[in-house]
Amino acid sequence: MDPIAGETDLAGDPRLREAVEQFNQGDWYACHDGFEALWHETLEPERTELQGILQIAVAHLHRERGNLRGATVLLGEGLGRLSPCGDGALGFDLDELRSNSARFLDALQQQRQLDDLPAPNLRPASPQGPPVD
């Protein structure tokens, strides 16, 4: 992949599709590897967007392994990186990911049960219609 590639090239990268599939299956370690490889090759603004998603994945890996402090820190950092991103950044519904991650973060901070919370998913962004005058 061309290290100065734009978002369009990244969106078509089969490694991104594979990492997203792994993320959506809850295969946190594998998707971490995929996102990290892309992150190393990508420039801003996509680099920060990838890092935020990567941190959310690693937070869930920490959660599964019982490291709730690590999960809390990384969820907060991931959300912080994704907060300025537009909803459709990288072609994903980041509003849903941010909302889901914020619920997990709140539950972790309040030391509440996490089992009833749905796992995060990366869904395609909704296509936007033409602007209304």
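Described in the following lines is the structure provided in the data block. (Residues numbered from 1 in each chain as written. Predicted model: local features only at pLDDT ≥ 70, side-chain atom pairs only at ≥ 80, totals over all residues. Heavy atoms only, no water.)

**What about the packing of aromatic side chains?**
1) Next: Applying the stated criterion across every chain, the model contains two aromatic pairs.
2) Next: Ring centres of Phe23 and Trp28 lie 5.1 Å apart, and the angle between their planes is 90 degrees; this geometry places the pair in the edge-to-face category. The pair formed by Phe23 and Trp28 is uniform in burial state, with each residue classed as buried.
3) Next: Where Phe23 meets Phe35, the ring centres are 6.3 Å apart and the plane angle is 80 degrees; that geometry is what we call edge-to-face. Residue Phe23 is located in helix α2 (residues 14-24), and its partner Phe35 is located in helix α3 (residues 28-41); the two are separated by twelve residues in the primary sequence.
4) Next: By relative accessible area, Phe23 is classed as buried at 0%.
5) Next: In this structure Phe35 comes out as buried when scored by relative accessible area, which is 0%.
6) Next: An aromatic cluster is defined as three or more aromatic residues linked by ring pairs; in this entry it consists of Phe23, Trp28 and Phe35.
7) Next: Sitting above the plane of the Trp39 ring, Arg47 keeps its charged end 4.0 Å from the centroid. (Phe/Tyr/Trp six-rings, centres within 6.5 Å; stacked < 30°, edge-to-face > 60°. Buried < 20%, exposed > 50% of the residue type's maximum accessible area, 1.4 Å probe, protein only. Helix = DSSP H or I, 4+ residues; strand = E, 2+ residues; numbered from the N terminus. Lys NZ or Arg CZ within 6 Å of the ring centre and 35° of its normal.)

**Examining the environment of Ala71**
1) Next: Assignment of secondary structure puts Ala71 in helix α5 (residues 68-82).
2) Next: For Ala71 and His60, which are eleven residues apart along the polypeptide, the C-alpha to C-alpha distance reads 6.3 Å.
3) Next: With residues up to four places along the chain from it excluded, the contact list for Ala71 reads Ala59, His62, Arg63 and Leu108. (Contact = heavy atoms within 4.5 Å.)

**Notes on α3**
1) Next: Between its first and last C-alpha atoms α3 spans 20 Å; for 14 residues at 1.5 Å apiece the expected length is 20 Å, and the two agree.
2) Next: When α3 is considered as a whole, its buried residues turn out to be Trp28, Cys31, His32, Gly34, Phe35, Leu38 and Trp39. (Expected span 1.5 Å × (residues − 1).)

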